[in-house]
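Examining the three-dimensional arrangement
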Amino acid sequence: VTYLNQYLKVNTQDDFAYFLKAKCNANLGYNDLALNDILTAEAFENSIDYAFLEGKILYNLKNFKQAEEKLKSLSGQIQNSEFYKYLGLSQAENGNKADAIINLEKSIILSDDDKFVYSKYNELKMGIANE
């Protein structure tokens, strides 16, 4: 982050540097800073990768409704395990259990090594079965 801040002092409009800084801040748990950085990157460049990172950051900030909306807007463009994971988790938090199950199942099919997704999927399936 320190090096990216130094770089951005000289290259103030480098969208990819803001994207990298947002990823770093998100990985460090500084999601408010990460959101500011990714929004800055998106102001310079409309990128699917940037929008996806914004959706993940919104989820981490517990802005589940905004996260779901952002991720749903990307549904025709991204189809990987991580995408379906965050979309499904956002939907689960918003009470949309049926769609959450479908998307978490897609995440499991594409990558079955995420124990958290598998656990959440089973929890939702059991919840619907008991309703």
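Summarised in this report is the structure supplied together with it.

1. Quick notes on the packing of helix α2 (residues 15-27) against helix α4 (residues 48-60)
Relative orientation of the contacting elements α2 and α4 amounts to 25°, with a least axis distance of 11 Å. Relative to α4, the element α2 is oriented roughly parallel. Read as a crossing pair, α2 and α4 show a hand that is left-handed. Along the contact surface, α2 presents Asp15, Phe16, Phe19, Ala22, Lys23 and Ala26, while α4 presents Asp49, Tyr50, Leu53 and Ile57. Of the residues assigned to the contact of α2 with α4, the class counts are 7 nonpolar, no polar and 3 charged.

2. Here we look at the pattern of salt bridges
In total, this model carries 7 salt bridges according to the counting rule given. Salt-bridge contacts for Glu54 lead to Lys70; the nearest nitrogen and oxygen are separated by 3.1 Å. Residue Glu54 is located in helix α4, and its partner Lys70 is located in helix α5 (residues 64-72); the two are separated by 16 residues in the primary sequence. Note on Glu54: relative accessible area 10%, which makes it buried. Residue class for Lys70 comes out partly exposed when judged on its relative accessible area of 22%. Sharing partners across several salt bridges, the network here consists of Glu42, Glu54 and Lys70.

Reading the values: the criteria
Residues numbered from 1 in each chain as written. Predicted model: local features only at pLDDT ≥ 70, side-chain atom pairs only at ≥ 80, totals over all residues. Heavy atoms only, no water. Axes fitted to C-alpha atoms, helices over the stretch in contact; angles between N-to-C directions. Helix = DSSP H or I, 4+ residues; strand = E, 2+ residues; numbered from the N terminus. Parallel < 35°, antiparallel > 145°, perpendicular 65-115°, else oblique. Left-handed = near helix turned anticlockwise from the far one by under 90°. Contact = heavy atoms within 4.5 Å. Nonpolar A, V, L, I, M, F, W, Y, C, P; charged D, E, K, R; others polar. Salt bridge = Lys/Arg side-chain N within 4 Å of Asp/Glu carboxyl O. Buried < 20%, exposed > 50% of the residue type's maximum accessible area, 1.4 Å probe, protein only.

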